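A structural walkthrough
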Amino acid sequence: MRRETRAGARERVDEERDVMTELRPIGQGDWDRFAERYSVPENVRQYMARLFSTLQVRFALAAPDRFGVGETGRVLASLGEDPAGAAEFLRKQYKIGFLDLVDEAQTSWELAGYATFLDVWPVWENEEYRSRFTPEELRDIDWKYFHASFDPRERQAREQGVAPTEDEVYTLQETLDWIDRNGRPAYLSFCDCRSLAGDCGKPRETCISYRDGINTYAHRGWSRRLSVEQTKEAVRKFDRAGLMHTLNGTTICNCCGDCCYLSRGREQLGSGPNWPLAHHVVEYDRERCVGCGLCVRRCWRDVFERTPDRKVSVDATRCVGCGLCANTCPAGALTMAEASYPGLRPEEPDPSRVHSH
Ligand code: SF4
Ligand code: SF4
Ligand code: SF4
């Protein structure tokens, strides 16, 4: 798999940045109108001046609901900008998630809105994004973004027993088998949860998607295409790094309990193995255990605890069947037994998913 250096990634985003660095102040009335038009939630409006450039705000206020290259040129001209730059403006603003495409023919764009913008721009210009806010502010933006996307799903789950998403936890082997069965190339992107939540030290380029239609990371030009074998190798690497695998038919999420919106959603909902739905549970063979403690470090659900006799105690009720512990137990003392959980009813079809890429 081609590795991208940090400097390479930096260069890649530098060329996209010019419109993002223009941060001249604009009037409060314009900010208010922009916030309404761009669906910026009230509780993050204090951050708008550091999230959006003046040109983005002025464009959003002047643009019609939908616009092609011609309308964009006219809007830019009305703002004193060069109308000849319309196509390039659309390309860049689409790429960083400020605009969405409306049609597959790529003739019409619209304002993407805050939720989409925050799902794209901070992921790709992560250093720039992080440089504009204090650690407390970054946590605040992330916290509010998570709750805005998950809380309505949590309410629905509690009131109607509907699963917030279709995601299911797979072991490494199940994931590799699924990739083989699927047999298609995949797209590797940076994880938006980890990009927003902070630097936990785990790899960030870990989100695998099979979607490449308009408004996906792949279509915006950010993803790396992987063959079936490269996809499997990537998943093995993520597993070694302590990242579990959650699938929903179009995405393989490789994450842990730190910042993943699925894991945080599980904690908030208290759904344990019922959502994201697990298919296995860990089993422990005390006789075989050599007390190395690796499982204590690998498990992110605090299932294991060291005991004075140099073994471990196991609280399998906390297990969500990811298999990270059993993969690496050097004594073969851990196995993944098949388990059947009632789960929650599948969600109704909904185009706005927790993870749309
Ligand atoms: S689905 Fe998983 S890997 Fe993808 S962005 Fe969310 S936490 Fe990250
Ligand atoms: S990894 Fe295996 S051998 Fe090591 S403590 Fe855990 S169960 Fe025992
Ligand atoms: S006990 Fe093993 S399978 Fe269960 S959650 Fe922990 S690491 Fe995953």
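The coordinates are above.
Residues numbered from 1 in each chain as written. Chains lettered and ligands numbered in written order. Predicted model: local features only at pLDDT ≥ 70, side-chain atom pairs only at ≥ 80, totals over all residues. Heavy atoms only, no water.

The six strands are arranged 3-7-8-5-4-6 in an open sheet whose pairing can be described as antiparallel. Every other strand in the sheet has two partners, leaving strand 3 (168-170) and strand 6 (224-226) as the edge strands with one partner each. Each strand axis lies, on average, 30° off the axis of its neighbour in the sheet, ignoring direction. By the bridge criterion, four bridges tie strand 7 (residues 244-247) to strand 8 (residues 251-255) in an arrangement that is antiparallel. When the sheet's bridge partners are listed, His245 is paired in strand 8 with Asn254. (Pairing = 2+ DSSP bridges. Helix = DSSP H or I, 4+ residues; strand = E, 2+ residues; numbered from the N terminus. Axes fitted to C-alpha atoms, helices over the stretch in contact; angles between N-to-C directions.)

This next bit is on the packing of aromatic side chains. For the coordinates displayed, the defined rule picks out 23 aromatic pairs. Ring centres of Tyr114 and Tyr145 lie 6.4 Å apart, and the angle between their planes is 80°; this geometry places the pair in the edge-to-face category. You can see Tyr114 sitting in helix 7 (residues 114-124) and its partner Tyr145 sitting in helix 9 (residues 135-160), a full 31 residues away along the chain. Comparing Tyr114 with Tyr145 shows no difference in burial state: the two are buried. Between the aromatic rings of Tyr145 and Tyr261, the centroid separation amounts to 6.2 Å while the plane-to-plane angle is 55°, which identifies the pairing as tilted. Here Tyr145 is found in helix 9, whereas its partner Tyr261 is found in helix 14 (residues 261-269), with 116 residues between them in sequence. Per residue, the accessibility class of Tyr145 equals that of Tyr261, and both read buried. Between the NZ or CZ atom of Lys95 and the centre of the ring of Trp222, over which it lies, the distance is 4.6 Å. (Phe/Tyr/Trp six-rings, centres within 6.5 Å; stacked < 30°, edge-to-face > 60°. Buried < 20%, exposed > 50% of the residue type's maximum accessible area, 1.4 Å probe, protein only. Lys NZ or Arg CZ within 6 Å of the ring centre and 35° of its normal.)

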